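Remarks on the overall topology
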Amino acid sequence: MTEHERWMAIAIEEANLGARVGEQPFGSVIARNGEALCRTRSLKVSTSDATAHSELMAVREATQKLKQRVLDGCVFYATCEPCPMCLGAIQIAGINHLVIGARKSQVRQFSKTAFRFNAYTVERFAEMVGWPLTVEQVLQEECIALYANATVELTR
């Protein structure tokens, strides 16, 4: 198992923990120098907060833990390609390496309302804002399965 797969497996674990308590199955990890700064899951359902995405929760937790708003040298792991709101937060936090599991286009079929961002991809967003973002994809099938098996409607 590669290091990226190891961290993504933890993000998947977070997504599953959330799903078990009625949340949407999204998980994130921010790692730096072989250490997890945080691991988070979506809390949109339990908090009735449309912004409580796992990715935003991760950026908030990591910046507060380090007491700095820029997360240099970090790698962000997300079980699904981040939405524009979350990707904006990742960009503002200064993270230049993103590892994703599933693409929005790969999980769109599992929801009537989620993932409707037309031609959006993280790469297009990064290009549009001039952000030198490196994107990798790992554990794709495991992450797609999170959304195929979701018991809570995906409304992202």
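Preceding block: the structure.
1. With respect to the overall build of the protein chain
- A tally of regular secondary structure across the protein chain gives 7 helices and 5 strands.
- Its helices and strands in sequence order give the protein chain the pattern α-β-β-α-α-β-α-β-α-α-β-α, from N to C terminus.
- For the protein chain, the proportion of its 156 residues judged to be buried stands at 50%.
- Within the protein chain, residue pairs in contact and separated by at least 24 positions form 65% of the contacts whose partners lie at least 6 positions apart.
- Entry remark: accessible area of the protein chain is about 7,400 Å², with carbon and sulfur atoms responsible for 51%.

2. What about the nonpolar core?
- Ranked by internal contacts, the top residues of the largest apolar core, which has 26 residues, are Ile30, Phe76, Leu87 and Ile95.
- Elements with a minimum of two residues in this core: strand E2 (35-41), helix H3 (54-66), strand E3 (75-80), helix H4 (84-92), strand E4 (97-102) and helix H6 (122-129).
- Those residues within four positions of Ile30 in sequence are excluded, and the remaining contacts are Glu35, Ala36, Leu37, Cys38, Ala58, Val59, Ala62, Leu71, Cys74, Val75, Phe76 and Ile95.
- One finds Trp7, Ile10, Val138 and Ile144 within the second-largest nonpolar core, a separate group that totals 20 residues.

3. Thoughts on the packing of helix H1 (residues 3-20) against helix H7 (residues 140-148)
- One way to put it is that H1 packs onto H7 with a least axis distance of 11 Å and a crossing angle of 10 degrees. Comparing the axis directions of H1 and H7 gives the class roughly parallel. Mapping the contact onto sequence places Met8, Ile12, Ala15 and Asn16 in H1 and Glu142, Cys143 and Leu146 in H7.
- Within the contact of H1 with H7, the residues separate by chemical class into 5 nonpolar, 1 polar and 1 charged.

4. Quick look at the state of the cysteines
- On inspection of all chains with the given rule, the structure shows 0 disulfides.
- The closest cysteine sulfur to the non-disulfide-bonded Cys74 is located on Cys38, 8.5 Å from its own sulfur.
- No disulfide involves Cys80; its nearest neighbouring cysteine sulfur is the one of Cys143, lying 8.3 Å away.

5. Section: the packing of aromatic side chains
- The full count for this structure, using the stated rule, is 2 aromatic pairs.
- For the ring pair Phe26 and Tyr147, a centre distance of 5.0 Å and an interplane angle of 40 degrees mean the geometry is tilted. Taken together, the residues span a long stretch of sequence, with Phe26 in the loop between H1 and strand E1 (27-32) and Tyr147 in helix H7 at a distance of 121 residues.
- Arranged with centres 6.2 Å apart and planes meeting at 80 degrees, the rings of Phe125 and Trp131 form a pair that is edge-to-face.
- In this structure, Arg6 is placed above the aromatic ring of Trp7, and the distance from its NZ or CZ to the ring centre is 4.2 Å.

6. A word on the environment of His97
- Relative to the assigned elements, His97 resides in strand E4.
- Between the alpha carbons of His97 and Leu133 there is a distance of 5.8 Å; along the sequence they are 36 residues apart.
- With near-sequence residues (within four places) excluded, His97 lies in contact with His4, Cys74, Val75, Phe76, Leu133, Thr134 and Glu136.
- Side chain to side chain, His97 and Glu136 meet in a polar contact 2.6 Å long.

7. Observations concerning the pairing of E1
- With 5 of its 6 residues buried, E1 lies for the most part within the structure.
- Sheet topology places E1 next to E2; 6 bridges connect them, and they run antiparallel. Within the sheet, the bridge partner assigned to Gly27 lies in E2 and is Arg41.
- Counting the residues between successive antiparallel strands, the hairpin from E1 to E2 contains 2 residues, one of them, Asn33, with a positive phi of roughly 50 degrees.
- In the sheet, E1 pairs with E3 via 4 bridges, with the strands oriented antiparallel. Directly across from Val29, in E3, lies its bridge partner Tyr77.

Criteria and thresholds
Residues numbered from 1 in each chain as written. Predicted model: local features only at pLDDT ≥ 70, side-chain atom pairs only at ≥ 80, totals over all residues. Heavy atoms only, no water. Helix = DSSP H or I, 4+ residues; strand = E, 2+ residues; numbered from the N terminus. Buried < 20%, exposed > 50% of the residue type's maximum accessible area, 1.4 Å probe, protein only. Contact = heavy atoms within 4.5 Å. Areas by Shrake-Rupley, 256 points an atom, 1.4 Å probe, with all protein chains shown as cover. Core = buried A, V, L, I, M, F, W, Y, C linked by side-chain atoms within 4.5 Å. Axes fitted to C-alpha atoms, helices over the stretch in contact; angles between N-to-C directions. Parallel < 35°, antiparallel > 145°, perpendicular 65-115°, else oblique. Nonpolar A, V, L, I, M, F, W, Y, C, P; charged D, E, K, R; others polar. Disulfide = S-S within 2.5 Å. Phe/Tyr/Trp six-rings, centres within 6.5 Å; stacked < 30°, edge-to-face > 60°. Lys NZ or Arg CZ within 6 Å of the ring centre and 35° of its normal. Polar contact = N/O pair within 3.5 Å; in protein donor to acceptor, adjacent residues only side chain to side chain. Pairing = 2+ DSSP bridges.

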